[in-house]
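The chain contents come next:
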Amino acid sequence: MAPTVKHLFSGIDVTIFAYGVTGTGKTHTMRGGKSLQDRGVIPRLLSAIFRRCRKIEKDTEGTTKVQILMSYYEIYNDKVYDLFEPPEKRTMAGLPLRDNGGKTVVVGLTERPVSTLREFESLYDQANINRSTGATKVRREWKRRS
């Protein structure tokens, strides 16, 4: 994660993207387990980011304040859904994408401030309740019939 954090604090946009078929371990790779040694990509990256932010604030004696905002969305059936929004409040069309000076922006995407790994985990767990489960339900139904 060190090169990714270095790029991020150098002003380079960073994206970590997990893609694949349901049940192949994307969530586990990205999130990992609850123990320190079982952490996935996201908690490891955020730990490094929070450490770097604390160092910046300490080195500047508090004159520089760092704010981290968290967004969480999924792409499901070619549509973008804000996972901070419950499914019943979503539009069927999903959120629109717009070009903003060469960068793609998800219009209307919620941003929540997060300052610790514990806050992140709480928001992440809440948002995961809103993930689409259609593919998983199909998979479970297929397993039941086998």
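These figures come from a predicted structure and were not determined experimentally. (Residues numbered from 1 in each chain as written. Predicted model: local features only at pLDDT ≥ 70, side-chain atom pairs only at ≥ 80, totals over all residues. Heavy atoms only, no water.)

K.L.:
An account of the packing of aromatic side chains is requested, with residue identities and associated values reported.
P.N.:
Evaluated as defined, the whole model comprises 3 aromatic pairs. When the ring of Phe-17 is compared with that of Tyr-19, the centres are 6.3 Å apart and the planes differ by 15°; the resulting orientation is stacked. On the basis of relative accessible area, Phe-17 is assigned to the exposed category, the value being 60%. Residues Tyr-72 and Tyr-124 carry aromatic rings whose centres are separated by 5.1 Å and whose planes lie at 20° to one another, so their mutual orientation is stacked. Here Tyr-72 is found in the loop between strand S1 (69-70) and strand S2 (73-76), whereas its partner Tyr-124 is found in helix H4 (residues 117-128), with 52 residues between them in sequence. Taking the relative accessible area as the measure of exposure, Tyr-72 reaches 16% and is therefore buried. Grouping aromatic residues by their ring pairs yields a cluster made of Tyr-72, Phe-120 and Tyr-124. The positively charged end of Arg-112 is found above the aromatic ring belonging to Phe-84, 4.5 Å away from the centroid. (Phe/Tyr/Trp six-rings, centres within 6.5 Å; stacked < 30°, edge-to-face > 60°. Buried < 20%, exposed > 50% of the residue type's maximum accessible area, 1.4 Å probe, protein only. Helix = DSSP H or I, 4+ residues; strand = E, 2+ residues; numbered from the N terminus. Lys NZ or Arg CZ within 6 Å of the ring centre and 35° of its normal.)

K.L.:
Provide a residue-level description of unusual backbone geometry, including the pertinent values.
P.N.:
Not every positive phi belongs to a glycine, and Asn-77 is a case in point at roughly 55°. Along the chain, the position of Asn-77 falls in the loop between S2 and strand S3 (79-82). A positive phi angle is found at Asp-78, which is not glycine, with a value near 65°. For Asp-78, a relative accessible area of 78% translates into the label exposed.

K.L.:
Give a detailed account of the side chain of Arg-90, specifying residues and quantitative values.
P.N.:
Structurally, Arg-90 is set in the loop between S3 and strand S4 (97-100). The exposure class of Arg-90 is buried, given its relative accessible area of 18%. Ignoring any residue separated from it by four or fewer positions in sequence, one finds Arg-90 in contact with Glu-74, Tyr-81, Asp-82, Leu-83, Glu-85, Asn-130 and Ser-132. (Contact = heavy atoms within 4.5 Å.)

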